[in-house]
Amino acid sequence: MSETETPEQENPHAKVVLQAARAMTKASLLVTPPAVIVCIALFSILNGMPGFLGSLVGGVLAMLASLSTLGMMRFSAGQDPMFVMVIALGGYVVKVVLLFGALTLLKGVTALHPMSLGITMIVAIMVAAAAEFAAFRKTKIPTIIPS
């Protein structure tokens, strides 16, 4: 901490990161659950109860993974920008390992239709990522473009 900086001073990056996280969370929660519900309905019709359960589990895992990224943004908002990148990249690695572990544990569960689970996860992750990207682009974030 420098002599001119007081502990009460707010990190100027925190406001921007929190603004982006809010917009991205709102957009993700607006479009991802309906996409998951469509997948659940479709795979319930096509594959019965195993399709329903597989799609439900896939949707929940994908939405938790997506929301965990946004939670990490909120958690790290007040940190130094370099530390925010460390949390983002480290969180991504942890999330991928946890998803891999969860899917490995679910591999032998016969009550779940594996294709329903996988396709629902792909759909939910892609829809959430697209919604978050669109929300980020719409968010008014001050940017300095060097000449």
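Residues numbered from 1 in each chain as written. Predicted model: local features only at pLDDT ≥ 70, side-chain atom pairs only at ≥ 80, totals over all residues. Heavy atoms only, no water.

## Some details on the environment of Ala 131
Okay, so step 1: In this fold, Ala 131 is placed in helix H3 (residues 114-138).
Okay, so step 2: Aside from chain neighbours lying at most four places away, what touches Ala 131 is Ala 27, Ser 28 and Val 31. (Helix = DSSP H or I, 4+ residues; strand = E, 2+ residues; numbered from the N terminus. Contact = heavy atoms within 4.5 Å.)

## Things to note about the confidence of the model for the chain
Okay, so step 1: Per-residue confidence for the chain gives a mean pLDDT of 86; residues scoring 70 or more make up 89%.
Okay, so step 2: Ranking the helices and strands of the chain by mean pLDDT puts H3 first, with 93, and helix H2 (residues 81-106) last, with 87. (pLDDT = per-residue confidence, 0-100.)

## What to know about the side chain of Ser 55
Okay, so step 1: With respect to the helices and strands, the residue Ser 55 is situated in helix H1 (residues 12-76).
Okay, so step 2: One polar contact links Ser 55 to Thr 120, side chain to side chain, over a distance of 2.7 Å.
Okay, so step 3: If near-sequence neighbours (up to four positions away) are discounted, Ser 55 is found in contact with Cys 39, Ile 40, Phe 43, Ser 116, Leu 117 and Thr 120. (Polar contact = N/O pair within 3.5 Å; in protein donor to acceptor, adjacent residues only side chain to side chain.)

## Some remarks on the UniProt feature "transmembrane region" (unreviewed entry) in the chain
Okay, so step 1: UniProt records the feature "transmembrane region" (unreviewed entry) at residues 27-46, 52-70, 82-103 and 115-136, using the numbering of this structure.
Okay, so step 2: With 100% helix and 0% strand, the stretch residues 52-70 has end C-alpha atoms that lie 27 Å from each other.
Okay, so step 3: End-to-end, the C-alpha atoms of residues 82-103 are 32 Å apart, and along that stretch the chain is 100% helix and 0% strand. (UniProt positions renumbered as here; feature names shortened; annotations may be inferred.)

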